[in-house]
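# Structure assessment
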There are 2 protein chains.
Amino acid sequence: MFSKTCEYAIKASIYIASQSLAQKRVGIKDIAQAIESPEAFTGKIMQVLSKNHVVASVKGPHGGFEILESAMKEKKLAEVVRAMDGDDIFKSCGLGLKECSGANPCPLHNQFAKIRADITKLLETTTLYDVATGLADGLTFLKR
Amino acid sequence: MFSKTCEYAIKASIYIASQSLAQKRVGIKDIAQAIESPEAFTGKIMQVLSKNHVVASVKGPHGGFEILESAMKEKKLAEVVRAMDGDDIFKSCGLGLKECSGANPCPLHNQFAKIRADITKLLETTTLYDVATGLADGLTFLKR
DNA sequence: ACAATAAAAGACTTTTTTATCTTTTATTAA
DNA sequence: TTAATAAAAGATAAAAAAGTCTTTTATTGT
Ligand code: FES
Ligand code: FES
């Protein structure tokens, strides 16, 4: 479904958002521990998320990553996914045809287009705020 | 969604099924051409499909691959996917948690479980015969 | 100004996936 | 029984994804 990189990115974003709700800025070590990801690799991913303005980064002592509450209410999960994996998941053919189209449909096109639309809807409508609250409330988890 | 290997496997199986409907046994060269896959790699994939009894193989002159009509009416796409990618797509967490469970749900668990169930239903209910007919009738395609 | 902190950047390694090439085995038909 | 055909098997190779390590840059508090 998502690349490992993208999974880490989504989890990291949600974690940062939930900590930001409590006015806490978090560092890479903290993030890696919260989402069970390799620390150095997580750093690389944060660079991408930062460049794509999914998260804000602050260098130096007391630095780290954060997402303003106003921003996380706007950011859709789709933006995180696009930053890492591009928009393949939103538009490409389930059987790998060069392009997905009703004019040259693969044998799964009709059923698959429906599923892909559901995935798109989920990612395009869910904000980081939506998922961060569940985590902050202890209803959902990012590891195990 | 599926690995490249699995995409090729699904397309190859559908192609072989559609040719078998016309009593035609097909060779690797033919398959690779029909689904736009690398020939040698396709051979490797066919070995797996053959071992998993998705297709029947015949060596020597006039040999090749085929699927009996009775068999293709039983074979679900899920069996092809399992042979190549295992059952990850049917059971694993969308965010990569070690196991997907309602007891330790990731932030996307509820929505994702629904989508995964739709994918499972599609793959577990669609037979090779179902998709082979559309291809044989020129309604669906395996390349471009 | 300086030491400490933490992310950014760059170079590199490992692992997995995708793909190729060569040799062997089975089958067929002349 | 031999030549031709076609898949199976095995050994590599190339490319992409995942992960690590080192150096640099920015920021902060003393
Ligand atoms: S053509 Fe394959 S999903 Fe649309
Ligand atoms: S726990 Fe993530 S999908 Fe179920």
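Throughout what follows, the structure given in this document is the object of discussion. (Residues numbered from 1 in each chain as written. Chains lettered and ligands numbered in written order. Predicted model: local features only at pLDDT ≥ 70, side-chain atom pairs only at ≥ 80, totals over all residues. Heavy atoms only, no water.)

Residue and element names in this part refer to chain B. Within helix 8 (residues 128-136), burial applies to L128, V131, A132, G134 and L135. Buried residues of helix 8, seen end-on, are gathered within an arc of 160° and therefore sit on one face of the element. Buried-residue contacts for helix 8 involve helix 1 (4-21), helix 4 (69-72) and helix 5 (77-85). Count one or two residues on from helix 8 and you reach G138, which has phi positive near 75°. (Buried < 20%, exposed > 50% of the residue type's maximum accessible area, 1.4 Å probe, protein only. Helix = DSSP H or I, 4+ residues; strand = E, 2+ residues; numbered from the N terminus. Arc of directions from axis to C-beta. Contact = heavy atoms within 4.5 Å.)

Moving on to the protein's contact with DNA strand D. Looking at DNA strand D, there are 26 residues lining it, with P38 and P61 of chain A together with G27, K44 and Q47 of chain B nearest. For DNA strand D, the fraction of protein-proximal atoms (within 4 Å) that sit in sugar or phosphate groups is 61%. Contact between DNA strand D and I28 of chain B: a phosphate oxygen at 3.3 Å from a main-chain N or O atom of the residue. Within the contact set of DNA strand D, a base oxygen lies 3.5 Å away from a backbone nitrogen or oxygen of P61 of chain B. Considering every element that reaches the surface near DNA strand D, the biggest residue donor is helix 3 (residues 39-51) of chain B, with 4 residues. Broken down by class, the residue content of the surface near DNA strand D amounts to 10 nonpolar, 10 polar and 6 charged. (Near = heavy atom within 4 Å. Polar contact = N/O pair within 3.5 Å; in protein donor to acceptor, adjacent residues only side chain to side chain. Nonpolar A, V, L, I, M, F, W, Y, C, P; charged D, E, K, R; others polar.)

Turning our attention to the interface of chain B and chain A. Reports often express the size of an interface as the amount of accessible area lost when the parts come together. Tallying the contact residues gives 33 residues for chain B and 33 residues for chain A. Here chain B packs against chain A, burying approximately 3,100 Å² in sum over the two surfaces, 68% of which is carbon and sulfur. Taken as a group, M1, L95 and P107 of chain B account for 19% of the area that chain B buries against chain A, more than any other trio of residues on that side. Applying the counting rule to chain B against chain A returns 2 salt bridges. Our count for the contact surface shared by chain B and chain A stands at 10 residue pairs in polar contact (both at pLDDT 80 or more). At the level of elements, helix 1 and helix 7 (109-125) of chain B are the ones that each hand at least two residues to the side of chain B that touches chain A. In terms of residue count, helix 7 of chain B provides more of the side of chain B that touches chain A than any other element does, 6 residues in total. Class assignment for the residues of the side of chain B that touches chain A results in 20 nonpolar, 5 polar and 8 charged. (Buried area = accessible area lost by both parts, 1.4 Å probe. Salt bridge = Lys/Arg side-chain N within 4 Å of Asp/Glu carboxyl O.)

This paragraph deals with the packing of aromatic side chains. All names here are of chain A. For the structure on display, the rule yields 2 aromatic pairs over all chains. Ring centres of Y8 and F41 lie 5.9 Å apart, and the angle between their planes is 85°; this geometry places the pair in the edge-to-face category. Highlighted residues: Y8 in helix 1 (residues 4-21) and F41 in helix 3 (residues 39-51), separated in sequence by 33 residues. Over the aromatic face of Y129 sits the side chain of K73, whose NZ or CZ is 4.7 Å from the ring centroid. (Phe/Tyr/Trp six-rings, centres within 6.5 Å; stacked < 30°, edge-to-face > 60°. Lys NZ or Arg CZ within 6 Å of the ring centre and 35° of its normal.)

Another aspect to go through is the relation of the copies chain B and chain A. Of the transformation superimposing chain B on chain A, the axial component is 0.0 Å and the angular component is 180°, with the fit at an RMSD of 0.0 Å. Taken together, the rotation and translation relating the two chain copies correspond to the operation of a two-fold axis. Minimal C-alpha separation from the rotation axis in chain B is found for M1 of chain B, amounting to 2.3 Å. A symmetric contact is evident, with 100% of the interface residues of chain B recurring at the interface of chain A. (Least-squares fit on C-alpha atoms with pLDDT ≥ 70 in both.)

Residue and element names in this part refer to chain A. Closest axis-to-axis distance for the helix 1/helix 2 (residues 28-35) pair is 10 Å, and the angle between their directions is 110°. Classified by the angle their axes make, helix 1 and helix 2 are roughly perpendicular. You can see that helix 1 and helix 2 cross each other, and the crossing is right-handed. On helix 2, the residues that touch Y8, K11, A12, Y15 and I16 of helix 1 are D30, I31, A34 and I35. (Axes fitted to C-alpha atoms, helices over the stretch in contact; angles between N-to-C directions. Parallel < 35°, antiparallel > 145°, perpendicular 65-115°, else oblique. Left-handed = near helix turned anticlockwise from the far one by under 90°.)

Residue and element names in this part refer to chain B. Running from N to C, helix 1 and helix 8 cross one another at 70°; their axes reach a closest spacing of 8 Å. Classified by the interaxial angle, the pair formed by helix 1 and helix 8 is roughly perpendicular. Between helix 1, through S13, I14, Y15, A17, S18 and L21, and helix 8, the contact on the second element is made entirely by L128, Y129, V131, A132, T133, L135 and A136. Each residue belonging to the contact of helix 1 with helix 8 can be placed in one class, and the counts come to 10 nonpolar, 3 polar and no charged.

With that out of the way, let us pick up the protein's contact with DNA strand C. Taken together, 24 residues are adjacent to DNA strand C, and G27, K44 and Q47 of chain A together with P38 and P61 of chain B come closest. Separating a base oxygen of DNA strand C from a backbone N or O atom of P61 of chain A is a distance of 3.5 Å. At 3.3 Å from a sugar or linking oxygen of DNA strand C is found a side-chain nitrogen or oxygen belonging to K59 of chain B. When residues of the surface near DNA strand C are traced back to their parent elements, those giving at least two are helix 3, strand 1 (56-58) and strand 2 (64-66) of chain A together with helix 1 and helix 3 of chain B. Of all the elements, helix 3 of chain A adds the most residues to the surface near DNA strand C, at 4 residues. Each residue belonging to the surface near DNA strand C can be placed in one class, and the counts come to 9 nonpolar, 9 polar and 6 charged.

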